[in-house]
Amino acid sequence: MISRLISMFPDGQHKDTGMLVGGMAALLGGNRLLGLSLFARGVWRTEKRWRAAHPNFEGDFKARWQMALEHYDRTHQDPLNRSLHLVGIPMIAGGAIGLILSAPPRPLWLLSATSFSFGWLLNIVGHAAFEKGAPAFADDPLSFVAGPVWDLRQLGVMRRAKRATRSVRVPLAPTAQA
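About the cut-offs
Within each chain, residues carry numbers counting from 1 in the order of the written sequence. Totals for whole chains, interfaces and linings use every residue, but because this is a predicted model, local features are given only for residues with pLDDT of at least 70 and side-chain atom pairs only at 80 or more, for both listing and counting. Side-chain measures were taken over the full set of non-hydrogen atoms in the model, leaving aside hydrogen atoms and water. Strands are runs of DSSP state E lasting at least 2 residues, helices are runs of H or I lasting at least 4, and numbering of each runs from the N terminus. Residue contacts are defined here by distance: any two heavy atoms, one from each residue, within 4.5 Å place the two residues in contact. Computed by Shrake-Rupley with a 1.4 Å probe, the accessible areas treat only the displayed protein chains as cover when residues are assessed. A simple rule labels every residue: compare its accessible area, found with a 1.4 Å probe on the protein chains alone, to the largest value its type can have, and call it buried under 20%, exposed over 50%, or partly exposed in between. Any Lys or Arg side-chain nitrogen found within 4 Å of a carboxyl oxygen on Asp or Glu counts as a salt bridge. Within the patch definition used here, like charges are joined within 9 Å and nonpolar side chains (Val, Leu, Ile, Met, Phe, Trp, Tyr) within 5 Å, considering only residues with over 30% relative accessible area and no salt bridge. Think of it this way: Lys and Arg go in the positive column, Asp and Glu in the negative one, and His and the chain ends go nowhere. Each charge is placed at NZ for Lys, CZ for Arg, CG for Asp and CD for Glu. Here a polar contact is recorded for every N or O atom pair within 3.5 Å, except that within protein the pair must consist of a potential hydrogen donor and a potential acceptor, and residues adjacent in sequence are included only if both atoms are side-chain atoms. A helix is expected to span 1.5 Å for every residue after the first. Angles run from 0 to 180 degrees between N-to-C directions of axes, and those axes are lines fitted to C-alpha atoms, restricted for helices to the stretch in contact. Throughout this description, any angle smaller than 35 degrees is read as roughly parallel, any larger than 145 degrees as roughly antiparallel, any in the 65 to 115 degree range as roughly perpendicular, and the remainder as oblique. For any helix crossing, the convention is left-handed if the near helix is rotated counterclockwise from the far helix by under a right angle, and right-handed if that rotation is clockwise. Each residue gets one of three labels, nonpolar for Ala, Val, Leu, Ile, Met, Phe, Trp, Tyr, Cys and Pro, charged for Asp, Glu, Lys and Arg, and polar for the others, Gly among them.

Let us look at the overall build of the protein chain. Along the backbone of the protein chain there are 7 helices and 0 strands. Taking all contacts inside the protein chain whose residues are at least 6 apart in sequence as the whole, residues at least 24 apart take part in 69%. By element, 66% of the accessible surface of the protein chain is carried by carbon and sulfur atoms, the whole surface being about 11,100 Å².

Encoded structure:
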């Protein structure tokens, strides 16, 4: 059944991305096995395509991971898109975990499905309306992990900047000296 479903997607990048999206849709539809199978196949094919596009890459996982983070950063330059992702990615990740662990249509599953869907909506709006580009996972499957890590790094940068701003004390008015 999975092979027949996969054969419906056009070849090339669209097939890989279609399997990734189809896997997420199947998971959202309550079919965990089909969803995870399609998603895993899409990740595998996308990584295979990435390797073919980078034939000179001979690095270890650390080097590959660094390239994934750099790609993710390059595809997320618009500040509003970044903000939407800071909200959307945790919703997607939490929703996906809930969809895998719970059964439809129980309350946890419904909450997870809503979170998952709304998180994706935020990310799609960010890319379509502001970034004007495809999501990073269309070219690099490690983006599914790089995204949450990138979010955490962005939050850390924002936190450090806020702390640095608070530590600088600027007098509101000149003080009289005796």
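It is worth spelling out the environment of K132 at this point. The topology assignment puts K132 in the loop between α6 (107-131) and α7 (143-167). When the C-alpha atoms of K132 and H76 are compared, they prove to be 9.9 Å apart, with 56 residues separating the residues in sequence.

For S3, the location among the structural elements is in helix α1 (residues 2-7). Overall, the relative accessible area of 57% leaves S3 in the exposed class. Expressed as a C-alpha distance, the spacing of S3 and L38, which sit 35 residues apart in the sequence, is 9.5 Å.

Let us look at the pattern of salt bridges. Applying the stated criterion across every chain yields a total of 6 salt bridges. Residue R45 pairs with D16 through a salt bridge whose shortest N-O separation is 2.6 Å. Of this pair, R45 sits in helix α3 (residues 32-53) while D16 sits in helix α2 (residues 13-28), placing them 29 residues apart in sequence. Judged by relative accessible area, D16 falls into the buried class, the value being 3%. Where E47 meets R51, a salt bridge forms, and the shortest distance between an N and an O atom there is 2.9 Å. Of this pair, E47 and R51 are both found in helix α3, 4 residues apart, which corresponds to roughly one turn of the helix. In this structure E47 comes out as buried when scored by relative accessible area, which is 18%. Since its relative accessible area comes to 40%, R51 is described here as partly exposed. Via salt bridges that share partners, E47, R51, R64 and D140 belong to a single interconnected network.

On the surface, a cluster of nonpolar side chains totalling about 420 Å² of accessible area is made up of L80, F118, L121, V125 and F130. No other element matches α6, which puts 4 residues into the nonpolar patch. Relative to the helices and strands, F118 resides in helix α6. With a relative accessible area of 41%, F118 lands in the partly exposed category.

The grouping of R159, R160, K162, R163 and R166 at the surface amounts to a positive patch. Within the secondary structure, R166 sits in helix α7. A residue is classified by how much of its surface remains accessible, and R166, at 55% relative accessible area, is exposed.

What follows concerns the side chain of N81. Here N81 shows up in helix α5 (residues 79-101). A polar atom in the side chain of N81 sits 2.9 Å from the side chain of E131.

An ideal rise of 1.5 Å per residue puts 36 Å on 25 residues; α7 measures up with 35 Å between its terminal C-alpha atoms. For α7, the set of buried residues is S143, A146, G147, W150, D151, Q154 and G156. On its buried face, α7 sits against α4 (61-74) and α5.

With that settled, the discussion passes to the packing of α2 against α3. Angle between the axes and distance between the axes: these two values describe a pair of packed helices. Put simply, α2 and α3 touch, their axes get as near as 7 Å, and they point 155° apart. Classified by the interaxial angle, the pair formed by α2 and α3 is roughly antiparallel. Our pair here, α2 against α3, has a crossing hand that is left-handed. From α2, Q13, K15, D16, M19, L20, G22, G23, M24, A26 and L27 reach across to α3, where they touch R32, L34, G35, L38, F39, R41, G42, V43, R45, T46 and R49. Partitioning the contact of α2 with α3 into residue classes produces 9 nonpolar, 6 polar and 6 charged.

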